[in-house]
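# Working through the structure, step by step
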Amino acid sequence: ATDVQKGIYRAELKEITSEDRGWHFGALNVTTKQLEEFSIDDMARDMEICAPELWKLLGFLLDDERSGSILEDDCRGNLLMRGDDDYWDAVDEIDLEGFISGLTAESGSSAAGLDKRSHCHSAVIKIKKVVLMSILMQSTNQKANALQSVLGIFFQSAHTPQKVIDMLARIGVSISTETINGAIRSLSAESQNHLRTLGQSLLASYAYDNFDVDLKLHVPTVEKSHDSLKHLMSGLIFPLGHGVTTEDLMCSEELWGQSAINPHVEETRLPSRATWRVLLSINPEASTPNRLTCQEHFNAWMFLSDLCTHGPEYFRTLKRDITEPEVIDQIPLIKTDLVAARAMDVNNSTISGNIRAVVDLLRQGGIHDP
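To start, this report covers the structure provided alongside it. Note that this is a predicted model, so its numbers are computed, not measured.

### Focus: helix α13 (residues 294-310)
The end-to-end C-alpha distance of α13 is 24 Å, a good match for the 24 Å that 17 residues give at a rise of 1.5 Å each. Within the span of α13, buried status applies to W301, S305 and C308. Within α13, the buried residues cover an arc of 70 degrees as seen down the axis, which keeps them to one side. Opposite the buried face of α13, by more than 90 degrees, sit the exposed residues F303 and H310. Along its buried surface, α13 packs onto α14 (313-316).

### Regarding the packing of helix α1 (residues 2-16) against helix α4 (residues 52-61)
Here α1 crosses α4 at 110 degrees, and the two axes come no closer than 8 Å. As far as their axial angle goes, α4 and α1 are roughly perpendicular. Note on element contacts: α4 touches α1 through P52, E53, L54 and L57, opposite Q5, I8, Y9, E12 and L13. Class assignment for the residues of the contact of α1 with α4 results in 6 nonpolar, 1 polar and 2 charged.

### What about the pairing of strand β2 (residues 229-239)?
Here strand β1 (residues 204-214) pairs with β2 via 11 bridges, running antiparallel. Across the sheet, residue Y208 finds its bridge partner in β2, namely G235. For β2 and strand β3 (residues 339-340), the ladder comprises 2 bridges, and the chain directions are antiparallel. Paired with L236 across the two strands is A340, which belongs to β3.

### Remarks on the environment of D337
With respect to the helices and strands, the residue D337 is situated in the loop between α14 and β3. Each C-alpha atom, one on D337 and one on I237, is 8.8 Å from the other, the two residues being 100 residues apart in sequence. With sequence-adjacent residues up to four places away left out, D337 is seen in contact with I237, F238 and P239.

### Here we look at the pattern of salt bridges
Tallied over the full model, the rule gives 7 salt bridges. Its salt-bridge partner being D41, residue R45 comes within 3.2 Å of it at the nearest N-O pair. Taken as a pair, R45 and D41 lie in helix α3 (residues 40-50) at a separation of 4 residues, close to a single helical turn. The shortest N-O distance in the salt bridge between E313 and R316 comes to 3.5 Å.

### Describing α3
Within α3, burial applies to M43, A44, D46, M47 and C50. The buried residues of α3 occupy an angular sector of 165 degrees when the element is viewed end-on, so they sit on one face. Two to three positions downstream of the cap, the backbone nitrogen of D41 sits 3.3 Å from a side-chain oxygen, assigning the N-cap of α3 to S39.

Cut-offs used in this document
Residues numbered from 1 in each chain as written. Predicted model: local features only at pLDDT ≥ 70, side-chain atom pairs only at ≥ 80, totals over all residues. Heavy atoms only, no water. Helix = DSSP H or I, 4+ residues; strand = E, 2+ residues; numbered from the N terminus. Expected span 1.5 Å × (residues − 1). Buried < 20%, exposed > 50% of the residue type's maximum accessible area, 1.4 Å probe, protein only. Arc of directions from axis to C-beta. Contact = heavy atoms within 4.5 Å. Axes fitted to C-alpha atoms, helices over the stretch in contact; angles between N-to-C directions. Parallel < 35°, antiparallel > 145°, perpendicular 65-115°, else oblique. Nonpolar A, V, L, I, M, F, W, Y, C, P; charged D, E, K, R; others polar. Pairing = 2+ DSSP bridges. Salt bridge = Lys/Arg side-chain N within 4 Å of Asp/Glu carboxyl O. Polar contact = N/O pair within 3.5 Å; in protein donor to acceptor, adjacent residues only side chain to side chain.

Structure below.
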């Protein structure tokens, strides 16, 4: 019977580590799309389908069928880490409910019927099973390293020491630092190509800001004992949405003709300066006695919303009765993809520094003199 069970486990591992299952992760040719589409929830679901017996075995070894009373006794006995409460309280701020509901969907218990600690316990057990199964998968087939690749790239982004990464790679939780560096080079090349493609479309917008890095020296010298602060520049390039075309942007000549810094334009031909009061004339409407205008409707809605959100506890129960304000000329809500540019060794506190930043960003976007 033992040999039969071993054969079942071996066959299940062979099935889930096959290339057709999609868990082969070529780190040296990794793309941003692969990282964005990776999901532990999907991986857990596929593991349970392809290797049900091995999945049940891991669950049994991790004691994932403990009843609520036993779990409660464990909590009272402080068998779980005392720091877990603080950790899960912090995770709650990033939509923990949706994540854990997905991980515990097959348990048959509604989220409302379980307390937070039971949810956290189920999610942690599920993650542990995925990690253990991933270690077994990589031992069976070195190419089945999806979780290890994603974790390795995450460790690199979190500035994890190389010795720690090498240790995690040896126990099967991560890929090696050399492979991680290859993945970073692949992602950098993809990012550069994306930047050039987006910039040369002439339908992109640029943004930049400064940030400071304190580069402390291990062996300070007299000349540079206090000169460890480095002023750098970060940049973003993002596409213009809402159907904007290059023809829509051909307005530089008209704008220059109405610019106050244009030396060839007579002052009498310049348009009058606009103030914030011009905004009040947008979507004008005649005032009607005993009836609120659109602006007054919005102000009333904002007042009620703030009162029920930030006011006394009693008013919060009435928030669901507040209807949304009337839509007049709504700009469609779309998701804008941001592409990070390479950091620049530029100080934007000077005019020349701002010029260098703009020139460098345009060069990264493929807009420069050949």
